[in-house]
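Listed below are the residues making up each chain.
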Amino acid sequence: MQTQQREVQRLLGRCLPRLWQYERLMKAIVTYHDISGPAHELENIRAARVDEAFTKTLGTRRDGCSDCASWPRGRHRRR
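Structure report, in brief.

Rules used throughout
Residues numbered from 1 in each chain as written. Predicted model: local features only at pLDDT ≥ 70, side-chain atom pairs only at ≥ 80, totals over all residues. Heavy atoms only, no water. Axes fitted to C-alpha atoms, helices over the stretch in contact; angles between N-to-C directions. Helix = DSSP H or I, 4+ residues; strand = E, 2+ residues; numbered from the N terminus. Left-handed = near helix turned anticlockwise from the far one by under 90°. Contact = heavy atoms within 4.5 Å. Nonpolar A, V, L, I, M, F, W, Y, C, P; charged D, E, K, R; others polar. Patch = residues over 30% accessible without salt bridge, like charges linked within 9 Å, V, L, I, M, F, W, Y side chains within 5 Å. Areas by Shrake-Rupley, 256 points an atom, 1.4 Å probe, with all protein chains shown as cover. Salt bridge = Lys/Arg side-chain N within 4 Å of Asp/Glu carboxyl O. Buried < 20%, exposed > 50% of the residue type's maximum accessible area, 1.4 Å probe, protein only.

1. Some thoughts on the packing of helix α1 (residues 2-32) against helix α2 (residues 42-55)
Look at α1 against α2: their axes get within 9 Å of each other, and the N-to-C directions meet at 145°. When the axes of α1 and α2 are compared, the crossing they make is right-handed. Between α1 and α2, the residues in contact are Arg24, Lys27, Ala28, Val30, Thr31 and Tyr32 and Arg46, Arg49, Val50, Ala53 and Phe54, respectively. Looking at the contact of α1 with α2 residue by residue, the class counts come to six nonpolar, one polar and four charged.

2. What to know about a nonpolar patch on the surface
Taken together, Leu19, Tyr22 and Leu25 make up a surface patch of nonpolar side chains, about 300 Å² in accessible area. When you line up the elements, Leu19 lands in helix α1. Taking relative accessible area as the criterion, Leu19 reaches 45% and is therefore assigned partly exposed.

Okay, structure coming up:
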């Protein structure tokens, strides 16, 4: 049993860097997918969205990720 547990831990450890990379990419997509506002405020809006996205976990950002990547604007999915 311990041998199998070590093997699972080893394989998970090999996957973690890739999962972290995917998390950063998804957060970047959510952050930059749709920025709008007055031209003189765009940089401040972008900075606020970066702060918000990168201080939350991907699990808490899940709805934002699926909304920006999968659904056309203005349409809501059924839950």
